[in-house]
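# Coordinate analysis (summary)
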Amino acid sequence: MSLLTNVMDHSLDDGYAEAAARKKAAGASGMPKTLRAKLGLAAGLVLAALVVTVGAAQARVAAPVVAKERQELIDRIDKETKSADKLEGSVDGLRDDVSARQRAALRTSGGSEQADLVSMLSGATAVHGPGVRLVVNDAKEASTGGGDNPRETADFSDTGRVRDRDMQRVVNGLWAAGAEAVSINGQRLTALSAIRAAGNAILVDNKPLVPPYTVLAVGDGQRLSSGFQNGADGLYLHALESTYGIRATIAVESDLRLPAAPSVIVRTAQPRTEKGTS
């Protein structure tokens with residue numbers, strides 16, 4: 001007990017206490033004693049102050065240059081963006097002109113009624129009529145990435161994400177159920193359309209789509225709805241809902257409006273003509 005009491009009463013070693021007392025009695029301090037040491041300390045302080053001052057001056061001089069370069073980059077980006085928007089407008093105008101010429105050529109060669117039918121089936125003209133509206137969206141837990149954008153941190157390894165092959169099956173199921181025209185997020189599908197993935201995005205004809213994916217299908221609404229939901233692709237979508245939380249709703253609409261495809265250009269196929277025999 002005496003040892004424990006001694007340790008509690010004298011927590012600081014006696015040697016440390018004696019050294020501190022000797023230093024205090026000698027009047028020792030942290031400041032240099034000799035003139036040379038004092039001059040060295042003063043020179044060090046002056047040098048440090050000089051370095052800080054020069055750095056601040058350089059930062060002040062460089063600030064306007066950096067701001068100018070930044071503004072020049074912003075102006076260049078704005079200029080290029082406006083140029084790209086102008087070119088995109090020109091492309092849209094040329095596509096409309098091509099579509100109009102295609103329709104005119106069809107009417108000249110095959111009659112107005114047949115031309116309208118071919119134009120609608122090929123997606124070269126806008127259509128409207130009854131059908132179904134199918135909205136497919138990622139699972140709620142797949143939208144908890146950085147911010148409110150499910151595309152910021154998630155990728156297609158997340159099973160709660162709608163994938164390109166899922167949309168392929170949805171569209172094929174609607175065609176099989178009797179759809180006469182189909183669009184996804186305003187993109188009209190044709191026989192030349194492709195649904196594929198690029199990185200974390202789903203592309204339709206090389207244009208990226210953002211969820212939710214709204215699929216419009218023109219046709220007999222009730223037959224389309226029941227045919228799709230009871231078919232293999234509708235059951236596949238239902239399995240995605242129950243297993244991975246994919247969200248999907250389908251509704252019958254009395255009048256849907258689908259735009260024309262941007263362009264319908266065939267570069268390889270040629271019409272087959274039957275030659276008469278003499």
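All right, on to unusual backbone geometry then. In this model, Pro 211 is joined to Pro 212 through a cis peptide bond whose omega is 0°. Counting through the fold element by element, Pro 212 comes out in the loop between strand S6 (207–209) and strand S7 (213–218). Residue Asp 205 is not a glycine yet carries a positive backbone phi of 55°. Take Asp 205: it is sitting in the loop between strand S5 (201–204) and S6. Positive phi is not limited to glycine here, since Asn 206 has a value of about 70°. Relative to the assigned elements, Asn 206 resides in the loop between S5 and S6.

The next thing to look at is the sheet that holds S5. Within the open sheet, the 3 strands sit side by side as S4-S5-S6. Their pairing is antiparallel. With partners counted over all chains shown, the strands left at the sheet margins are strand S4 (195–198) and S6, one partner each. Strand-to-strand, the axes of this sheet are offset by a mean angle of 45°, without reference to chain direction. As judged from the 4 bridges shared by S4 and S5, these two strands associate in the antiparallel manner. If you follow Arg 196 over to S5, its bridge partner there is Leu 203.

This paragraph deals with the packing of helix H6 (residues 221–230) against helix H7 (residues 232–244). One way to put it is that H6 packs onto H7 with a least axis distance of 4 Å and a crossing angle of 65°. Between H6 and H7, the crossing angle belongs to the class labelled roughly perpendicular. Every residue of H7 that contacts H6 at Phe 228, Gln 229 and Asn 230 is listed here: Ala 232, Asp 233, Gly 234, Leu 235 and Leu 237. Taken together, the residues of the contact of H6 with H7 break down into 4 nonpolar, 3 polar and 1 charged.

This part covers the side chain of Thr 190. As for its position among the elements, Thr 190 is in the loop between strand S3 (187–188) and S4. In this structure Thr 190 comes out as buried when scored by relative accessible area, which is 17%. Of the polar contacts made by the side chain of Thr 190, one reaches the backbone nitrogen of Leu 192; its length is 3.1 Å.

Here the focus is the sheet that holds strand S1 (residues 127–137). On the basis of which strands lie adjacent, the open sheet formed by 5 strands has the order S3-S2-S7-S1-S8 and antiparallel pairing. Strands with a single pairing partner mark the edges of an open sheet, and in this sheet they are S3 and strand S8 (247–258).

The next thing to look at is the environment of Val 218. Residue placement: Val 218 occurs in strand S7. We classify Val 218 as buried; its relative accessible area is 7%. Each C-alpha atom, one on Val 218 and one on Gly 178, is 8.8 Å from the other, the two residues being 40 residues apart in sequence. Once residues within four sequence positions are removed from consideration, Val 218 is found in contact with Val 127, Gly 129, Pro 130, Gly 131, Gly 178, Ala 179, Glu 180, Ala 181, Leu 224, Leu 256 and Leu 258.

Criteria and cut-off values
- All residue numbers refer to positions counted from 1 along the written sequence of the respective chain.
- Side-chain atom pairs in this predicted model are given and counted only at pLDDT of 80 or more, local residue features only at pLDDT of at least 70, and totals for whole chains, interfaces and linings cover all residues.
- Hydrogen atoms and water are omitted, and side-chain values are computed over all heavy atoms in the structure.
- Strands here mean DSSP runs of E at least two residues long; helices mean DSSP runs of H or I at least four residues long; both are numbered from the N terminus.
- Think of it this way: DSSP has to see at least two bridges between two strands before they count as a pair.
- Lines fitted to C-alpha atoms define the axes, with helix axes restricted to the stretch in contact, and inter-axis angles between N-to-C directions lie between 0 and 180 degrees.
- An angle below 35 degrees is treated as roughly parallel, one above 145 as roughly antiparallel, one from 65 to 115 as roughly perpendicular, and anything else as oblique.
- The contact criterion used is simple: two residues touch if any of their non-hydrogen atoms lie within 4.5 Å.
- Here the nonpolar group is Ala, Val, Leu, Ile, Met, Phe, Trp, Tyr, Cys and Pro; Asp, Glu, Lys and Arg are the charged ones; every other residue, Gly included, is treated as polar.
- With a 1.4 Å probe rolled over the protein chains alone, any residue whose accessible area is under 20% of its type maximum counts as buried; one over 50% counts as exposed, and the rest are partly exposed.
- Under this definition, polar contacts are N or O atom pairs within 3.5 Å; protein pairs additionally need one hydrogen-donor-capable and one acceptor-capable atom, and for neighbouring residues in sequence, both atoms have to be side-chain atoms.

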